[in-house]
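Observations on chain architecture
Each chain is listed here by its residues.
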Amino acid sequence: MNDTTTRRYLAIGGLSAVLSLFVLPIAGFVSVYTGYKVHGHTKNIYSYLLAGAGSLSVLFWVAFLVRP
């Protein structure tokens, strides 16, 4: 993966992570996927933050939907 593609994944992942935390929780799946794609091509903290924020918002969303 070249630098342009990595930066594109980071930008899309960051945008979807913020979007998933505040507006649309299902966008967390995009954040998790982009975190997976940049893992090994950039610092590990970026991939962990993207995947963590996305999965956290999806888990909160599922917990909200399952709540009685």
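Worth saying up front: this structure is predicted, and the values here are computed from it rather than measured.

Below, the discussion takes up the packing of helix H1 (residues 3–22) against helix H2 (residues 28–38). Running from N to C, H1 and H2 cross one another at 150 degrees; their axes reach a closest spacing of 8 Å. Our classification of the angle between H1 and H2 gives roughly antiparallel. Considering only the axes of H1 and H2, their crossing is left-handed. Counting all contacts with H1, which are made through Thr 6, Tyr 9, Leu 10, Ile 12, Gly 13, Ser 16, Ala 17 and Ser 20, the residues of H2 involved are Gly 28, Val 30, Ser 31, Tyr 33, Thr 34, Lys 37 and Val 38. Among the residues making up the contact of H1 with H2, the classes are represented as seven nonpolar, seven polar and one charged.

Let us now look at the UniProt feature "transmembrane region" (unreviewed entry) in the protein. Under the present numbering, the feature "transmembrane region" (unreviewed entry) in UniProt falls on residues 9–33 and 45–66. Structurally, residues 9–33 comprises 80% helix and 0% strand, and the distance from its first C-alpha atom to its last is 9 Å. For residues 45–66, helix accounts for 100% and strand for 0%, while the C-alpha atoms at its two ends are 31 Å apart.

What counts and what doesn't
Residues numbered from 1 in each chain as written. Predicted model: local features only at pLDDT ≥ 70, side-chain atom pairs only at ≥ 80, totals over all residues. Heavy atoms only, no water. Axes fitted to C-alpha atoms, helices over the stretch in contact; angles between N-to-C directions. Helix = DSSP H or I, 4+ residues; strand = E, 2+ residues; numbered from the N terminus. Parallel < 35°, antiparallel > 145°, perpendicular 65-115°, else oblique. Left-handed = near helix turned anticlockwise from the far one by under 90°. Contact = heavy atoms within 4.5 Å. Nonpolar A, V, L, I, M, F, W, Y, C, P; charged D, E, K, R; others polar. UniProt positions renumbered as here; feature names shortened; annotations may be inferred.

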